[in-house]
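# Fold and geometry: a report
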Number of protein chains: 2
Amino acid sequence: MIDFACKQFDINEIIKCGFGLTRSEYKIFHFLVKNPQKEADTNKISKQTGFDLTTVQKAVKKIYGHGLIIRRQKNLAKGGYTFTYMIKSKEEIRDAIKKIIRNWTKTVEENIDRW
Amino acid sequence: MIDFACKQFDINEIIKCGFGLTRSEYKIFHFLVKNPQKEADTNKISKQTGFDLTTVQKAVKKIYGHGLIIRRQKNLAKGGYTFTYMIKSKEEIRDAIKKIIRNWTKTVEENIDRW
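Structural notes, computed from the coordinates. What you see is a predicted model, and the numbers here were worked out from it, not measured in a lab. (Residues numbered from 1 in each chain as written. Chains lettered and ligands numbered in written order. Predicted model: local features only at pLDDT ≥ 70, side-chain atom pairs only at ≥ 80, totals over all residues. Heavy atoms only, no water.)

### With respect to the pairing of strand S3 (residues 69-75) of chain A
All names here are of chain A. We count it as follows: One requirement defines pairing of two strands: DSSP has to find at least two bridges between them. Under the scheme used here, helices are H or I runs from DSSP no shorter than 4 residues and strands are E runs no shorter than 2 residues, and both carry numbers assigned from the N terminus.
As defined by bridge partners, S3 adjoins strand S4 (residues 81-87) across seven bridges and the pair is classed as antiparallel. Residue glutamine 73 lies in a different strand from S4, and its bridge partner there is phenylalanine 83. Hairpin connection between S3 and S4: a loop of five residues separates the two successive antiparallel strands, and glycine 79 in this loop has a positive phi of roughly 95°.

### So, the packing of aromatic side chains
Which entries qualify depends on this criterion: Aromatic pairing here means that ring centres of Phe, Tyr or Trp (its six-membered ring) are within 6.5 Å. Orientation follows from the plane angle: under 30 degrees is stacked, over 60 is edge-to-face, and everything else is tilted. Residue burial is assigned from relative accessible area. The probe radius is 1.4 Å, only protein chains are included, and a residue is buried under 20% of its type maximum, exposed over 50%, and partly exposed in between. Any Lys NZ or Arg CZ that is within 6 Å of a ring centre and within 35 degrees of that ring's normal is treated as a charge sitting over the ring.
Per the stated rule, a full pass over the model turns up 16 aromatic pairs over all chains. With a centroid separation of 5.6 Å and an interplanar angle of 70°, the aromatic rings of phenylalanine 19 of chain A and phenylalanine 29 of chain A are classed as edge-to-face. Of this pair, phenylalanine 19 of chain A sits in the loop between helix H1 (11-18) and helix H2 (23-34) while phenylalanine 29 of chain A sits in helix H2; the two residues are 10 residues apart in sequence, bridging distant segments of the chain. The burial state of phenylalanine 19 of chain A is the same as that of phenylalanine 29 of chain A; both residues are buried. Seen in terms of ring centroids, tyrosine 81 of chain B and phenylalanine 83 of chain B are 5.7 Å apart; in terms of plane orientation they differ by 70°. Their pairing is edge-to-face. Residue classification places tyrosine 81 of chain B among the partly exposed positions, given a relative accessible area of 46%. Among the aromatic residues, ring-to-ring pairing joins Phe4, Phe9 and Trp104 of chain A together with Phe4, Phe9 and Trp104 of chain B into one connected group. Stacked on the ring of tyrosine 64 of chain A, the Lys or Arg arginine 71 of chain A has its end atom at 4.6 Å from the ring centre. Directly above the aromatic system of tryptophan 115 of chain B lies the positively charged group of lysine 90 of chain A, at a separation of 4.7 Å from the ring centroid.

### Quick notes on helix H2 (residues 23-34) of chain B
Residues and elements named next belong to chain B. Just so we agree on the cut-off: One fewer than the residue count of a helix, multiplied by 1.5 Å, yields its expected span. What the arc covers is the set of directions going from the helix axis to the C-beta atoms. The criterion used for residue contact is that any of the two residues' heavy atoms lie within 4.5 Å.
Its 12 residues give H2 an end-to-end C-alpha distance of 16 Å, which sits within 8% of 16 Å, the value for a rise of 1.5 Å per residue. Of all the residues in H2, the buried ones are Glu25, Tyr26, Ile28, Phe29, Leu32 and Val33. In an axial view of H2, the angular spread of the buried residues amounts to 160°, which keeps them on one side of the axis. Those residues of H2 that are exposed and aimed more than 90 degrees away from the buried face are Arg23 and Lys34. Residues of H2 that are buried in the fold lie against helix H1 (11-18), helix H3 (42-49), helix H4 (53-65), strand S3 (69-75), strand S4 (81-87) and helix H5 (90-114).

Take a look at the structure:
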């Protein structure tokens, strides 16, 4: 637990909040971070994590929105295509969350300036 | 209210926490900030704020410990001396609290690095 202004924070809660993920979406995100894979579509991730396809799609969309997952179009043998997803490195994820934390701090400091 | 990692913070609570003040001590601190005066000993501050001398002394000691109050020795006509206190500028107080906030942020970031 981390202390910030006399309140306790769990590191996972901070990341979850920073990326605007629900509890389920964070679990999917966490799974991808722990099990990075080159090619995984939402169906595969759904099977791997046990979360339904809709939740996986929402999670992936949010993570993609934060620029933390690489999306590739994969053509299917039977025609058409699907998207595969590959989570970015932990280093890049760390940098992204740090940027968010710095923005929160900036807001706190701006309030101090108006105090 | 300020949002930091999905928790709500009141600016006064942040300052109170940063300087390690109790609720009463913060009220004394706040009074001094709002009513800066060149010469005030703890007796005077006690009368002005309605807080007992012990609480005022504790508050002043903590504020002094943070380098946010100027202490002057004042010789008494009847011999001996007393200390008078003058709160520093709001600008200096803001800088001090910002430094503390940056340290908290640093701790959060160090935890992200270990994540």
